[in-house]
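# Reading the structure
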Amino acid sequence: MRLSAMILPIHRWSEGQKIWRRAEELGFHAAYTCDHLSWQSFRDGPWFGAVPTLTAAACATERMRLGTLVTSPNFRHPVTLAKDLIALDDVSGGRVTLGIGAGGIGFDATALGQQAWSPKERADRFGEFVPLLDELLRNDATTREGTYYSAVEARNIPGCLQTPRVPFYVAATGPRGLRLTAEYGQGWVTYGDPKGPAKMPAEQAPAVIARQIDQLTAACEATGRDVATLEKLLLHGSTQEKPLQSLDAFVDWAGHHREAGITELVLHWPIPDSVFAADLAVFERIATEGLAQLG
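Residues numbered from 1 in each chain as written. Predicted model: local features only at pLDDT ≥ 70, side-chain atom pairs only at ≥ 80, totals over all residues. Heavy atoms only, no water.

### Overview of unusual backbone geometry
Here is the rule: Numbering of helices and strands runs from the N terminus, with a helix taken as a DSSP run of H or I at least four residues long and a strand as a DSSP run of E at least two residues long. Only protein chains enter the calculation, and the probe is 1.4 Å; a residue is then buried if its accessible area is under 20% of its type maximum, exposed if over 50%, and partly exposed in between.
For the bond from Leu69 to Val70, the omega torsion is -10 degrees, close enough to zero to count as cis. Following Ile157, the chain continues to Pro158 via a peptide bond in cis, the omega torsion being 20 degrees. For Asp273, which is not glycine, the phi torsion reads 55 degrees and is therefore positive. Assignment of secondary structure puts Asp273 in the loop between strand E10 (264-268) and helix H8 (280-289). On the accessibility criterion, Asp273 (83% relative accessible area) is exposed.

Structural data, given as structure tokens:
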């Protein structure tokens with residue numbers, strides 16, 4: 001099992017770079033950031049772009065993987081996203097992971113002046129977005145016409161440092177998203193129960209995730225894929241579980257989710273006076289000692 005961090009893009013870089021460097025010093029496998037235009041309770045405060053933030057983080061670190069959790073079609077297009085990812089992969093020396101999902105109905109959904117898409121349209125768009133992005137990142141030139149997304153002689157030279165492209169970690173719980181994960185993903189992302197994770201009792205969370213992994217396994221079997229070839233990532237922060245209260249609480253939480261099949265845990269970097277408030281000293285102890293306690 002691996003342990004990673006989620007660092008929200010809320011800090012001016014004079015302060016933010018210290019956090020990204022500290023994450024690497026603590027030994028986190030990866031550090032991710034959200035790819036939103038604004039987000040939830042942080043909407044009226046500082047919020048910086050994900051791609052520039054990750055580019056700066058790539059220059060401030062040397063070993064730790066970097067990525068988004070998650071990018072979505074809400075305000076992205078595969079052609080321009082592919083260009084950004086190739087540049088970011090180059091700057092980072094091949095350390096980029098793209099977390100990607102279908103998007104939702106938050107602020108991003110209407111910021112460009114569009115009506116929020118229905119669940120069906122989000123799924124339809126995601127079903128075009130992922131294959132086109134995959135093709136763009138693998139090929140020097142791409143032409144494809146879609147209902148929602150097209151590319152006409154889109155050039156992507158020299159391509160990604162990572163081969164055949166940067167890894168996709170697909171956030172999905174529904175049948176169509178899980179099929180996309182099986183077909184295009186190197187990893188799978190879950191936040192817990194999509195129907196109401198914040199209301200779900202903590203003790204029920206591992207069983208819910210285990211059922212999701214069963215569904216992922218079935219999707220992989222339908223495409224001839226071995227589910228063991230997929231990383232399975234859980235982003236904490238949307239359930240009642242409190243793994244940052246103490247080292248023991250983390251060890252208990254991590255152990256249950258390892259048994260459920262999770263291979264990478266992502267913890268929100270503490271932010272005072274927010275929903276992600278936590279004791280930084282406890283957080284750092286978890287980062288350095290937590291996984292070793294699992295045995």
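Alright, that's what it looks like, and here's the rest.
### Regarding helix H2 (residues 50-60)
This is how it is decided: Any two residues whose heavy atoms approach within 4.5 Å are treated as being in contact.
Along H2, the positions that sit buried rather than exposed are Ala50, Val51, Thr53, Leu54, Ala57, Ala58 and Ala60. Where H2 is buried, its residues meet helix H1 (13-25), strand E2 (30-33), strand E3 (65-71) and helix H3 (78-92).

### Points about the sheet that holds E10
Our working definition: We call two strands paired when DSSP finds no fewer than two bridges between them. Simply put, an axis is a line fit to the C-alpha atoms, just over the touching stretch for a helix, and the angle between two N-to-C directions goes from 0 to 180 degrees.
Judged by pairing direction, the barrel is parallel, and its 8 strands sit side by side in the order E1-E2-E3-E4-E7-E8-E9-E10 before closing back on the first. Pairwise comparison of adjacent strand axes, ignoring direction, gives a mean angle of 25 degrees for this sheet.

### Side note on the packing of helix H6 (residues 205-222) against helix H7 (residues 247-260)
Note the threshold: Working definition: roughly parallel below 35 degrees, roughly antiparallel above 145 degrees, roughly perpendicular at 65 to 115 degrees, and oblique for all remaining angles. Helix crossings get a hand from a simple test, with the near helix turned counterclockwise from the far one by less than a right angle marking a left-handed crossing and a clockwise turn marking a right-handed one. Residue type decides the class: Asp, Glu, Lys and Arg count as charged, Ala, Val, Leu, Ile, Met, Phe, Trp, Tyr, Cys and Pro as nonpolar, and the leftover types, Gly among them, as polar.
Their axes nearest at 9 Å, the elements H6 and H7 cross at an angle of 25 degrees. By the criterion of interaxial angle, the relationship of H6 to H7 is roughly parallel. Read as a crossing pair, H6 and H7 show a hand that is right-handed. Here Ala205, Pro206, Ile209, Ala210 and Ile213 of H6 lie close against H7, whose contacting residues are His256, His257 and Ala260. Its residues placed into classes, the contact of H6 with H7 shows 6 nonpolar, 2 polar and no charged.

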